[in-house]
Amino acid sequence: MPKIVLENITKRWGKFYGVDNLSLVIEDNSFITLLGPSGCGKTTILRMIAGLETPTSGKISIGDRVVFDSENGINVPANKRNVGFLFQNYALWPNMTVYQNISFGLSNVKKEMPVYDFEAMNISEEMNAIRNPKKLSELINESKDRNGKIDEEKVYLKIIDAYTVSIFTAKKIYGFGIHTAENPEKKAADVTDGLRSKLDGIIKAHEAKNEKLEDNFAVSVDGKVKTEVRKLTKEEIDKAVRRVSAIVKIGMFMNRYPAELSGGQQQRVAIARTLAPEPSVLFMDEPLSNLDAKLRLEMRYELQRLHVETGSTFVYVTHDQMEAMTLATKICLVNNGVLQQYDAPLDVYNKPINTFAADFVGSPSINFVEAKGVQKADGSFEFKIFDELPVRFIPDADISVESWREKTTDEILKHNSEVVEKSNKDENFRYHIAKVEEEDYSIEDEPEITDQDYVIGIRPEFIEVSENKGMKAVVYGAMPTGMESTLKFRVGDFLITGVVFGGITYKIGTEVNIDITGKNILLFDRRTGKMICSGKLELEQK
């Protein structure tokens, strides 16, 4: 499958930038999720790669082929890019059966394709199926109903799945009657002799025209496969439909209409229809948002399996960070049309590039705590948090915050010199500090921020209830789910969220001690919102 490369892609309407100077490499056979809040530009990025939206400037390549280049005037239309698109709305034809919905697009395909001898191909498939008459007989006899009568539709599906053939070939194989013969082996041998004789005749006819049948039954002349502009045959369409229906497990629903299917089954039909033309890339725009929570979870597993089985490149739009975390090989996190971070899910979670990335990825959300202090000679930081609590932050690697600030300032100055005027200006993410009495930040003056101001990010799993160490807190809220409980603790006027594993019940108002554990506490620069480093936080014991 092809690699997708986006170079300096911009999409704007006047001074409003939907996507601002995006450069991205999507490796082949990867599963990329475009993640971000509503209106951030995710779908616009997807539509530009697919050819449904024209970028204002930049360059897009799919494999070795440039499909868009603003400088050279290249813009390959969507139907020439060999991509599949799965929408939030399944868009199934209500008056067509499942089979007709999946095959509809295939019947309209007309392009240059190899010339095959389908008669020879079918004969070979029939010979392969009856090579083991015992297995074939058992497979057919497994399809009997309560009255001992063979369910032919079920037989056809079993033959299709077992031998990867079309429905037409499956009917022929069943029609040989090997399962009813007194001597199945002799019957199979006799049928095979007849089929082999027929196949030999076809091969000789090709040789008389200086043609050769390749192993896949493509017709070649002088070692070069013949091609012609043609439509797909009924056999090819049926095989494609049966292949994808087996992948998404809807083979038994071919004759049903969409209204007779559940939401999950309709989703599978939509996926099968998208996969049938064998697109090089599969684009999905929030395809699970219409499903209930349990079905959405099941379909995530199906999409994971589908990605592995098809070997396709998946590009998936979602605003659900849980979907992004569980499905993606890489997350492309976008805000206000600007790429924030492009990394593996656990790297985005454990090493977020800024406070926006830290806040957006993770459920329950990360705790932000404002800290004031300085870096000491030994590299550690002495802070006060929650207004007065002294703590010590120890980085997990040597770092000089002064050098970090110099480098970061240079990068910001360079970036600002290249920024064009835009109506949707890029602003630092305003993190949320949870308090008992919520403040209205919109009417507050911007605080004066100095080099001593920092923000500490603490994931809920690093908040631990302890017996006699840590800081005093009161249980402000408790949400047990059986396996774990999500708790809110009150520390003075501040609230902090923790996750406690196990079936312990905590009553609201209970006084407890909480400690901050783990080596992946995050330290951010308050002025820029950028992450400085990770480390561990030690509470000063009183």
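As a convention, each chain's residues are numbered from 1 in the sequence order in which they are written. Per-residue local features of the predicted model are confined to residues with pLDDT of at least 70, and side-chain atom pairs are confined, for both listing and counting, to 80 or more; whole-chain, interface and lining totals are unaffected and use all residues. As a convention, hydrogens and water are excluded, and side-chain values are obtained from all of the structure's heavy atoms.

A. Summary view of the overall build of the chain. Of the regular secondary structure elements, the chain holds 14 helices and 27 strands. Based on C-alpha atoms, the radius of gyration is set beside the globule rule, defined as 2.2 Å times the residue count to the power 0.38. Over its C-alpha atoms the chain spans a radius of gyration of 31 Å, topping by over 25% the 24 Å that the globule rule assigns to 542 residues. Each of the three principal axes of the chain carries a C-alpha extent, and together these read 95 × 60 × 45 Å. Using a 1.4 Å probe on the protein chains alone, a residue whose accessible area is under 20% of its type maximum counts as buried, one over 50% counts as exposed, and one in between counts as partly exposed. In the chain, which comprises 542 residues, the share counted as buried stands at 48%. Sequence separation of at least 24 residues holds for 67% of the intrachain contacts in the chain that already meet a minimum separation of 6. Accessible surface is estimated by sampling points in the Shrake-Rupley manner with a 1.4 Å probe; for residues, cover comes only from the protein chains shown. If you sum the accessible surface of the chain, you get close to 28,300 Å²; carbon and sulfur atoms cover 49% of it. Separation of charge centres in the chain, based on 70 positive and 82 negative side chains, amounts to 6 Å. Secondary structure elements follow DSSP: runs of H or I of four or more residues count as helices, runs of E of two or more count as strands, with numbering from the N terminus. Any two residues whose heavy atoms approach within 4.5 Å at even a single point are treated as in contact. Lys and Arg are tallied as positive, Asp and Glu as negative. Neither His nor the chain termini are counted. The atoms used to mark charge sites are NZ of Lys, CZ of Arg, CG of Asp and CD of Glu.

B. View of the sheet that holds strand β10 (residues 219-221). A pair of strands is treated as paired once DSSP finds two or more bridges between them. The three strands lie next to each other as β9-β10-β11, forming an open sheet whose pairing is antiparallel. At either end of the open sheet lies a strand with only one pairing partner, and these are β9 (212-213) and β11 (224-225).

C. Quick peek at the pairing of strand β2 (residues 16-26). Direction of pairing for strand β1 (residues 4-13) relative to β2: antiparallel, over a ladder of seven bridges. Within β2, the position partnered with Leu 6 by the bridge is Leu 24.

D. Representation of the packing of aromatic side chains within the structure. Planes of paired rings set the category: under 30 degrees apart is stacked, over 60 is edge-to-face and the rest tilted, where pairs are Phe, Tyr or Trp rings (Trp by its six-membered ring) whose centres lie within 6.5 Å. This model, assessed by the stated rule, comprises 16 aromatic pairs. Seen from their ring centres, Phe 368 and Tyr 431 are 5.7 Å apart, and the 50° between their planes marks the pair as tilted. A residue pair is termed long-range when its members are at least 10 positions apart, and Phe 368 in strand β17 (residues 367-375) and Tyr 431 in the loop between α14 (401-418) and β20 (453-458) qualify at 63 residues. Side by side, Phe 368 and Tyr 431 carry an identical accessibility label, which is buried. An angle of 70° between the planes, with centres 6.1 Å apart, marks the rings of Phe 368 and Phe 524 as edge-to-face. With a gap of 156 residues between them, Phe 368 in strand β17 and Phe 524 in strand β26 (residues 521-525) connect regions that are remote in the sequence. Here Phe 368 matches Phe 524 in class, with each residue buried. Among the aromatic side chains, those forming a connected cluster through ring pairs are Phe 381, Phe 383, Phe 393 and Tyr 454. Across the ring face of Tyr 349, the terminal group of Arg 459 is positioned such that the distance to the ring centre comes to 4.0 Å. Lysine NZ or arginine CZ positioned within 6 Å of the ring centre and within 35 degrees of the ring normal marks a charge as sitting over the ring.

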